[in-house]
Amino acid sequence: MIDAAGGLAVKDLAVRFGGVSALGGVSFAVRPGTITSVIGPNGAGKTTAFNAITGYLRPTRGEILWQGASLAGLRPSAIAARGIVRTFQKTSVFPSLSVVDNVLVGLHLRGTAGFLEVLLGLRRLAAEEAALARDADALVEFVGLGHRRGEAASALPYGEQRLVELAVALAARPRLLLLDEPGAGMSSAEKAVVSGLIHKIREQGVTVLLVEHDMRLVMGISDTVIVLNHGRVIAEGAPAAIQAHPEVIRAYLGTAG
Amino acid sequence: MAELLQHLVNGLVLGGTYALLGIGLTLIFGLMNLVNFAHGEFYTLGAYAAFAALAGLGAGFFPALALAIAGGAVLGALCEVTLLRPLRAESIDTTMLVMIGVWIAMQNGELLVWGGVAKSIPHPFPTAPLVLGPVSIAPLRVFVLLVAGALIAASWVLIQKTTLGRAMRATFQDRDTAALMGVRIDRIHTATFAFGSALAAAAGALLGPVFLAYPSMGDLAALKAFSVVILGGLGNLPGAALGGLLLGIAEELGAGYVSSGYRDAVGFVIIILVLLFRPSGLFARAERVG
Amino acid sequence: MRGAARAVLALLALTLPFWVGNPYYLHVAIMAGIFGVLALSLNLLLGYTGQLSLGHAAFFGIGAYTSALLTLRLDWPVWPAMLAGVAVAALAGWLIGRLALKLRGAYFVLVTISFAGVVSLVSVNWMELTNGPLGLPGVPAPALGPWSLRGKDAYYYLVLAAVALAYVVCARLVRSRIGRAFLALRENEPLAESVGVDVTHYLVLAAVVSAALAGGGGALYAHYTRFVSPEVFLFTYTVTMVIMVVAGGKGTLAGPLVGAVLFTALPEALRLATSWQWQMLAYGVLLVLLVFFLPRGIVPAVVVRAEAVRRARRAAE
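Residues numbered from 1 in each chain as written. Chains lettered and ligands numbered in written order. Predicted model: local features only at pLDDT ≥ 70, side-chain atom pairs only at ≥ 80, totals over all residues.

**Looking at the overall build of chain B**
Each helix and strand counted, chain B has 11 helices and two strands in total. The secondary structure elements of chain B, listed N-terminal to C-terminal, are α-α-α-α-β-β-α-α-α-α-α-α-α. At 19 Å, chain B has a C-alpha radius of gyration in line with the 19 Å of a compact globule built from 290 residues. If you line up chain B on its principal axes, its C-alpha atoms span 55 × 45 × 35 Å. Counting only residues that meet the buried cut, chain B has 51% of its 290 residues in that class. If you take every contact in chain B between residues at least 6 apart in sequence, the share linking residues at least 24 apart comes to 77%. (Helix = DSSP H or I, 4+ residues; strand = E, 2+ residues; numbered from the N terminus. Rg over C-alpha atoms; globule rule 2.2 N^0.38 Å. Buried ≥ 20, exposed ≤ 12 C-beta atoms within 10 Å, placed from the backbone. Contact = placed C-beta atoms within 7 Å.)

Right, dumping it as structure tokens:
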């Protein structure tokens, strides 16, 4: 079960804070090219898992493998260089930078300009900058924010800021994209837009792992659903199977009587 | 051995006042997340207030001390209400810059009012030192130690046993819940800043007569206060008290056995080493950083 | 800025010694230039990566002392000594940069102050190396072949070249992928990391370049005043640099230069009227007022006004 060649494999991942166990030994796999959702009640450990996978937290024990190679001990920027990019639960943009500049930062790994080259003002850098600018414009259009490209990210309404977030994450050319509650705080119309974008992203060959609370969103786009509760996996499977799973129902609604 | 004890005693006296400085700052830094660069100026003002009361008004020593403390509290409250409250929502960088401005303005104001020449502050204690076994100590210093100790104890009582203290601790731990429970956050901020500034002024009024009063005396005092806060852990009152004593003793031992020119470096080195290796302070439980 | 205005300014700057007769004013211009380099350097850390370093005078002083000592004690020629000053300051910047990796905000500020404090104490107490409070007199002036740059006219052009160089370095950095990385770190560090910005690398780079520039300013200062003492580590210098950057406009390129000119010329003008204590008092009050009323500094405020005027004019047409 825990074998996803070319994909993400998490084995017995555990995270403890002081005396509290946030994740108690979680194992799951994400097959490449699929959309997998992680659901579970609040405090189940979903964001903790994200933080551990992407290097923001050091796990107490367990293995995280991407395309067969271990991610242990890598800093988030190194993990991004391996093609794994995440978004954040709280809106995360570069507030005083414009929308297009936000995306340009996301394109950081695609640039090659180093210190000496910048200092010497080499001509090839101008060509590189022009190419990056074109890519940034394309990404801004992809998420539908072309009309906002020059505005400061902090000036945008909430839903549009989350689109900026998405564009920035996509700019880093992820092979695996981890979305932390992409639909949070959005209207149904905005969530439909996000669903559509996630589908398009998958069509481009990107593997998507997302954490979400909105069941309709989750069941609508996922190939696989993983359910966490109290820091453990309690179910894993296709959306229909999960919806009927007794333990899942119990976790969300509690036992009757 | 006698020399060691002498250094220890001197270190305790100094440390008591460092503890006062540190307690005030740890509450301000810890509770209000404010890097109070003007903390040293309240210390200086305390010394000058005592000077003004003793030399200018011919007041007694205790009234002068009380005046300094009251002055520190009032000025601190004023500062908080006019300058800090409007900036509460701003980032820590902004408030840092404001406090730097206040620091510069206050220090040069003191220069203009009292001049750059160091002032000797008169005190009513006999100058002949008391001799207790191998150690000799001036009566003034005994007084300083006793008053510092009393103020530290009083601070502890305030924080632990009074309603105000409880409200302060609640605000420190969870501001939103405290607000929901009816704590007036604005008033707590003002009270905390006033309290911290009053303690700094007390330290200045106490140490002023021991050494001299001069306008830049607050600079080093402020940095030592920061090093005490870092040693003891942010917001940790007993930690600050202990840290202050430790710093005072370390300085005295360093000056006595290593080199007196570098005595002020002890505080700097502590800041650097602690922040590098034990950022949460010597006395905090080692916590896992997320 | 419009090309024409820029050309006029450049012309004025290039011909300054000819239309400024009084050598005192030339001295002010030279000091403004040196502080311009210092302000640009502090701006890299404060304006772009968002780290407030209050120990910047340490880099200035290290550059000054290194260059002075190499020329006085080891008989080095001036130009290599100046470069060595830049290099040693850069090394100190590397140290601070690595420290910053663990610390942010207030703690970083405290460490930079402590670092400057220790360096200052060393310069006062280590008599064999630095001659303590007595300082190092007789630092030689640089020479370009047969021409000595001792005179104010010649030194002005040296400083002008240094300012231009510092500006170009900062401008190229800031307008590149590296500059974007700096800004990203200032704006949202975890987000920057998540798209591959190596925090270590860029914070250290910013600190090293910033310190190197400041060290260069120090070397320039040492061979101009031809006397170096522990006074170079005075906190007043750091404060002045901070005011220049904050008042001029942090995070802009012109801001620090405007601030440098303003706060070098202003004290000189005030000096005729009043004492330096009043001046410093005014600085303190000014800093507070700036934070309240002009938080982004003069240059951005002017730019915003110019934009508004331009828009109004266009609307009226």
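**Quick word on the confidence of the model for chain C**
Residues and elements named next belong to chain C. Averaged over every residue, the pLDDT of chain C is 89; residues scoring 70 or more account for 99%. The least confident element of chain C, judged by mean pLDDT, is strand β3 (residues 147-148) at 80; the most confident is helix α10 (residues 199-225) at 95. In the model output, the complex is listed with pTM 0.87 alongside ipTM 0.90. (pLDDT = per-residue confidence, 0-100.)

**Some thoughts on the interface of chain C and chain B**
Between chain C and chain B, the contact holds 30 residues from the first and 30 residues from the second. Elements with a minimum of two residues in the side of chain C that touches chain B: α5 (105-125), α11 (235-248) and α13 (276-293) of chain C. Per element, the largest residue contribution to the side of chain C that touches chain B is 13 residues, and it comes from α5 of chain C. Its residues placed into classes, the side of chain C that touches chain B shows 23 nonpolar, six polar and one charged. (Nonpolar A, V, L, I, M, F, W, Y, C, P; charged D, E, K, R; others polar.)

**Section: the sheet that holds strand β1 (residues 8-17) of chain A**
Residue and element names in this part refer to chain A. Strand order across the open sheet formed by four strands is β2-β1-β4-β5, with antiparallel pairing between neighbours. Among the strands making up the open sheet, the edge pair consists of β2 (20-30) and β5 (69-70). Taken together, the eight bridges between β1 and β2 define a ladder with antiparallel strand orientation. Paired with Ala9 across the two strands is Ala29, which belongs to β2. The strands that helix α1 (residues 46-53) touches are β1, β2 and β4 (61-66); relative to β1, the one it contacts most, it runs at about 110°. (Pairing = 2+ DSSP bridges. Axes fitted to C-alpha atoms, helices over the stretch in contact; angles between N-to-C directions.)

**What about the sheet that holds strand β10 (residues 232-237) of chain A?**
Across a sheet, paired strands are connected by hydrogen bonds in the backbone, their directions being either parallel or antiparallel. Residue and element names in this part refer to chain A. Pairing is mixed across the open sheet formed by six strands, whose spatial order is β6-β7-β8-β3-β9-β10. The strands lining the two open edges of the sheet, one partner per strand, are β6 (84-86) and β10. Here the average twist between neighbouring strands, direction ignored, is 15°. The pairing of strand β3 (residues 35-39) with strand β8 (residues 207-211) spans four bridges and is parallel. Residue pairing in the sheet places Val38 in a bridge with Val211 of β8. Across the sheet, helix α7 (residues 188-203) lies against β3, β7 (176-180) and β8, angled at about 150° from β8, the strand it touches most.

**Comments concerning helix α3 (residues 56-73) of chain C**
Residue and element names in this part refer to chain C. Between its first and last C-alpha, α3 extends 26 Å over 18 residues, near the 26 Å set by a 1.5 Å rise per residue. In terms of residue burial, α3 counts as a mostly covered element, since 16 of its 18 residues are buried. Directly after α3, the chain includes Asp75, whose backbone phi takes a positive value near 55°. (Expected span 1.5 Å × (residues − 1).)

**Looking at the pairing of strand β9 (residues 224-229) of chain A**
All names here are of chain A. Among the six residues that make up β9, five are buried, leaving the element largely enclosed by the rest of the structure. The pairing of β3 with β9 spans four bridges and is parallel. By the bridge assignment for β9, Thr36 is matched with Thr224. Joining the antiparallel neighbours β9 and β10 is a turn of two residues, in which His230 adopts a positive phi near 50°.

**Some thoughts on the nonpolar core**
Within the largest apolar cluster, 279 residues are counted, with the highest numbers of intra-cluster contacts made by Val103 and Ala167 of chain A together with Ala50, Ala201 and Ala202 of chain B. Among the elements that make up this core, the one with the highest residue count is α10 of chain C (18 residues). Per-domain counts for this core show at least three residues from each of domain 1 (1-83 + 175-257) and domain 2 (91-173) of chain A. Ignoring anything within four residues of it in the chain, the contact list for Val103 of chain A reads Ala136, Leu139, Val140, Ala167, Val168 and Ala171 of chain A. (Core = buried A, V, L, I, M, F, W, Y, C linked by C-beta atoms within 7 Å. Domains from an automatic or database assignment.)

**Some points on the pairing of β4 of chain A**
All names here are of chain A. One ladder, built from five bridges, connects β1 with β4; its direction is antiparallel. Bridging across to β4, Lys11 finds its partner in Glu63. Bridge analysis of β4 against β5 gives two bridges, and the strand direction is antiparallel. Counted as the bridge partner of Trp66 is Ala69 from β5. The hairpin turn running from β4 into β5, its antiparallel successor, is two residues long, and Gln67 in that turn takes a positive phi close to 50°.

**Topic: the environment of Leu206 of chain B**
All names here are of chain B. By the secondary structure assignment, Leu206 is in helix α8 (residues 185-210). By the C-beta count within 10 Å, which is 27 here, Leu206 ends up buried. Put simply, Leu206 and Thr17 are 189 residues apart on the chain and 7.6 Å apart in space, counted from C-alpha to C-alpha. The residues contacting Leu206, other than those within four sequence positions of it, are Thr17, Val144, Val147 and Ala148.

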